[in-house]
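# Observations on the model geometry
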Amino acid sequence: VQLQASGGGLVQAGGSLRLSCAASGSIFRLNAMGWYRRAPGKQRELVATITSGGSTVYADSVKGRFTISRDNAKNAVYLQMNSLKPEDTAVYYCAAARGAIITSTGYWGQGTQVTVSS
């Protein structure tokens, strides 16, 4: 499984960005898809995940600001990020798993940089 993420960039605080991730390869029965991020000097953390059935999980820090969605027909997952804050600055990684939970042994894409200026 290959995951290709796009949509990162530089935005001012309060602005919006939309990340996209397309899966290709052996994508049969991919269940969970989602986004993680790693800020400078910090560990990687969950941002949001969504299962093939539509169940979502969000980090408390992004609830109400970020929305994860998925197009199963296109094998794609999206992250709409609104009201961005400087603390959202990080490299965002797309990830997927055949199970309901994404782990380090799942599928990971290359990161896309999101920078929020104050």
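In this text, all values refer to a predicted model and were calculated from it rather than measured experimentally.

How each quantity is defined
- Residues numbered from 1 in each chain as written.
- Predicted model: local features only at pLDDT ≥ 70, side-chain atom pairs only at ≥ 80, totals over all residues.
- Heavy atoms only, no water.
- Helix = DSSP H or I, 4+ residues; strand = E, 2+ residues; numbered from the N terminus.
- Buried < 20%, exposed > 50% of the residue type's maximum accessible area, 1.4 Å probe, protein only.
- Pairing = 2+ DSSP bridges.
- Axes fitted to C-alpha atoms, helices over the stretch in contact; angles between N-to-C directions.
- Contact = heavy atoms within 4.5 Å.
- Core = buried A, V, L, I, M, F, W, Y, C linked by side-chain atoms within 4.5 Å.

### Regarding the environment of leucine 19
Along the polypeptide, leucine 19 turns up in strand β3 (residues 17–24). Classification of leucine 19 as buried rests on a relative accessible area of 0%. In the structure, leucine 19 is positioned 55 residues away from lysine 74 in sequence and 15 Å away in space, judged by C-alpha atoms.

### A short note on the pairing of strand β1 (residues 2–6)
Every second residue of β1 is oriented toward a common face, the buried set being Leu3 and Ala5 and the non-buried set Gln2, Gln4 and Ser6. The pairing of β1 with β3 spans 5 bridges and is antiparallel. Counterpart to glutamine 4 in the pairing with β3 is alanine 22.

### Description of the sheet that holds strand β4 (residues 33–38)
Strand order across the open sheet formed by 6 strands is β2-β10-β9-β4-β5-β6, with mixed pairing between neighbours. The open sheet has two free edges, formed respectively by β2 (9–12) and β6 (56–58), since each of these has just one partner strand. Here the strands of the sheet are splayed against their neighbours by 25° on average, with no regard to which way each runs. Bridge analysis of β4 against strand β5 (residues 45–50) gives 5 bridges, and the strand direction is antiparallel.

### Quick word on the environment of serine 52
For serine 52, the position within the fold is in the loop between β5 and β6. Serine 52 gets classed as partly exposed once you look at its relative accessible area, which sits at 37%. Residues serine 52 and arginine 98, spaced 46 residues apart in sequence, show a C-alpha to C-alpha distance of 9.8 Å. Leave out the neighbours within four places in its chain, and serine 52 touches Leu30, Asn31, Arg70 and Asn72.

### Observations concerning unusual backbone geometry
Negative phi is the rule for most residues except glycine; trans is the rule for most peptide bonds. In this model, asparagine 75 sits at a positive phi of 55°, which is unusual for a non-glycine residue. Locating asparagine 75 in the fold gives a position in the loop between β7 (66–71) and β8 (76–81). Look at asparagine 75 and you get partly exposed, because its relative accessible area is 25%. Within the chain, serine 83 stands out as a residue other than glycine whose phi angle is a positive 50°. On the secondary structure map, serine 83 appears in the loop between β8 and β9 (90–96).

### Looking at the nonpolar core
Core analysis: the biggest nonpolar cluster contains 28 residues, and Trp35, Val47, Phe66, Val77, Leu79, Met81 and Tyr92 have the highest contact counts within it. Put simply, the parts of the chain that give this core at least two residues each are β1, β3, β4, β5, β7, β8, β9 and β10 (107–117). If sequence neighbours within four positions are ignored, valine 47 has contacts with Trp35, Tyr36, Arg37, Val57, Tyr58, Ala59, Val62, Phe66, Leu79 and Tyr92. In terms of nonpolar packing, the next biggest core, distinct from the first, is built from 5 residues, Ala32, Tyr36, Ala97 and Ile102 among them.

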